[in-house]
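# Observations on the three-dimensional arrangement
The lines below spell out each chain.
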Amino acid sequence: MKTLEKHWLNEAFKSEVPNGFQGKVGWQSPSNIALVKYWGKRGKQLPQNPSISFTLSECCTETFVQYKKAKSFGFQFFFEGQESPTFGAKIEKFLLDNQAFFPFINQLHLTVESHNTFPHSSGIASSASSMSAFIMCLMEIERSLSLSKGRPVDLDLQKVSYFSRLASGSAARSVFPKMALWGATEAYEGSSDEYAVPLENDIHPVFKTYRDSIMIVSGEKKSVSSRAGHGLMEGNPYAPARYAQANENIKNLLTALKSGDLDTFMSITESEALQLHALMMCSNPSFILMKPNTLHIIEEVRNFRNETHIPLCFTLDAGPNVHLLYPDNEAAAVEKFIKSELVTYCDQGRWIADHVGDCPKLLM
Ligand code: PMV
């Protein structure tokens, strides 16, 4: 067993939960958008290659957990006001798989209420924000228990990132402000496959206020889940080349992020987005998550950049929506372009104006 796991097992709250122990905690946690993509996993939710993301600001999940001492583990999950056993099942499985680290859950009834701050059915993945928000709540409950025994403990963000990763890989990166790196790379000391590390102090100021305008091409549920997509990388003949290329991109992107080299940033970011979708197209079975309007937007963005020399680039998540990335000082010109040329390709003209943001926030 790894040293960190041993340490967390040792320090787990194993005492009897005090009689009358009950309360409610709430955390808001942001979504993130990867620049170098995590696509392909191994072992216990470990990435095949390192990834780097922007932490977002407007696209968040707010999660409240009501806890009460009980004879055995009890769990209920509400999403946007409705009881949702399907969404809850993932969290319940996480808790049961990891009960050695959180043995106190066997003496608690948990009622979880979660909602997203971005519009429902906008096709924006919420597993990163929702899982990290839940883990923050779990850590808060553990902290209250320790405090009840007179043992105050600090919130350990490495631990939050580690367990967020186990709940949903990309959630490991949502824990840190501005930007995060998840996955071991020689290019960054202290990086790890087990948890993300903050990059805030290693990036040029231009990236700290970067904009991400999300063009909602389709709000429909994806036809292939990320989990299935990661699984299909196992038989993908291009997988070894992909992992080598991602490592190279991490190295070069880290340098560009530090110096503020926007040309390299844009070239790596767009190549990563297209590679992600190319990998889907050459999986067996193959699948396509882009829509015709995704390509229209990409084409328009490239034309706009060529004509105006404004450093606007795009990235894609595992879906058809297009994330437009650009420096804050270009916001007026880009928003004018979005409204005049791009909204026509968006589902009901919908887009979300987001920007680089901060880490999870305590709500109560
Ligand atoms: O965290 P998951 O299992 O939902 O996978 C995320 C995969 C991508 O969003 C496509 C890329 C990434 O690094 O976030």
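Scroll up to find the structure.
Let me sum up the structure you'll find in this document. (Residues numbered from 1 in each chain as written. Predicted model: local features only at pLDDT ≥ 70, side-chain atom pairs only at ≥ 80, totals over all residues. Heavy atoms only, no water.)

When helices and strands are counted, the protein chain shows ten helices and 14 strands. In terms of C-alpha radius of gyration, the protein chain reaches 21 Å, essentially the compact-globule figure of 21 Å for 364 residues. Over its C-alpha atoms, taken along the principal directions, the protein chain stretches across nearly 70 × 45 × 45 Å. Burial status across the protein chain gives 55% buried among its 364 residues. Sequence-distant contacts in the protein chain: of pairs separated by 6 or more residues, those separated by 24 or more amount to 76%. Of the roughly 15,600 Å² that the protein chain leaves accessible, carbon and sulfur atoms contribute 51%. (Helix = DSSP H or I, 4+ residues; strand = E, 2+ residues; numbered from the N terminus. Rg over C-alpha atoms; globule rule 2.2 N^0.38 Å. Buried < 20%, exposed > 50% of the residue type's maximum accessible area, 1.4 Å probe, protein only. Contact = heavy atoms within 4.5 Å. Areas by Shrake-Rupley, 256 points an atom, 1.4 Å probe, with all protein chains shown as cover.)

Following the criterion strictly, the structure yields 18 aromatic pairs and no others. For the ring pair Trp8 and Tyr162, a centre distance of 4.8 Å and an interplane angle of 65 degrees mean the geometry is edge-to-face. Here Trp8 is found in helix H1 (residues 3–11), whereas its partner Tyr162 is found in helix H4 (residues 157–167), with 154 residues between them in sequence. Of the residues examined, Trp8 reaches a relative accessible area of 0% and is grouped as buried. When the ring of Tyr162 is compared with that of Phe163, the centres are 4.9 Å apart and the planes differ by 70 degrees; the resulting orientation is edge-to-face. A single burial state applies to Tyr162 and to Phe163, both of which are buried. Here the aromatic cluster, defined as three or more aromatic residues joined through ring pairs, consists of Trp8, Phe94, Phe101, Phe102, Phe104, Tyr162 and Phe163. The ring centre of Tyr162 lies 5.0 Å from the NZ or CZ of Arg165, which sits over that ring. (Phe/Tyr/Trp six-rings, centres within 6.5 Å; stacked < 30°, edge-to-face > 60°. Lys NZ or Arg CZ within 6 Å of the ring centre and 35° of its normal.)

The subject of this paragraph is the side chain of Thr111. Examined against the element boundaries, Thr111 turns out to sit in strand S7 (residues 108–116). Once you skip the residues sitting within four places of it in the chain, Thr111 turns out to touch Phe64, Val65, Gln66, Gln76 and Phe78.

Among the 14 residues in the neighbourhood of the ligand, the closest are listed as Tyr38, Ser170, Arg173, His230 and Asp317. A distance of 3.0 Å separates an oxygen atom of the ligand from a polar side-chain atom of His230. Measuring from an oxygen atom of the ligand, one finds a side-chain N or O atom of Asp317 at 2.6 Å. When its residues are assigned to classes, the shell around the ligand shows five nonpolar, six polar and three charged. (Near = heavy atom within 4 Å. Polar contact = N/O pair within 3.5 Å; in protein donor to acceptor, adjacent residues only side chain to side chain. Nonpolar A, V, L, I, M, F, W, Y, C, P; charged D, E, K, R; others polar.)

A separate point is the nonpolar core. Most often, soluble globular proteins have nonpolar side chains that are buried together. Ile52, Phe54, Leu95, Phe104, Ile141, Phe163 and Phe265 are the most contacted members of the largest nonpolar core, which totals 78 residues. It is helix H3 (residues 127–148) that contributes the most residues to this core, ten residues altogether. Excluding residues that lie within four positions of it along the chain, Phe54 makes contacts with Ser31, Asn32, Ile33, Leu35, Lys178, Met179, Phe207, Tyr210, Phe265, Leu325 and Val356. Counting residues in each nonpolar core, the second largest holds 22 residues, with Met215, Ala273, Ile298 and Ile310 among its members. (Core = buried A, V, L, I, M, F, W, Y, C linked by side-chain atoms within 4.5 Å.)

The next thing to look at is H3. Its 22 residues give H3 an end-to-end C-alpha distance of 31 Å, which sits within 8% of 32 Å, the value for a rise of 1.5 Å per residue. Of all 22 residues making up H3, 17 are buried, and the element is well covered by its neighbours. After H3 finishes, the residue Gly150 shows a positive phi value of roughly 75 degrees. (Expected span 1.5 Å × (residues − 1).)

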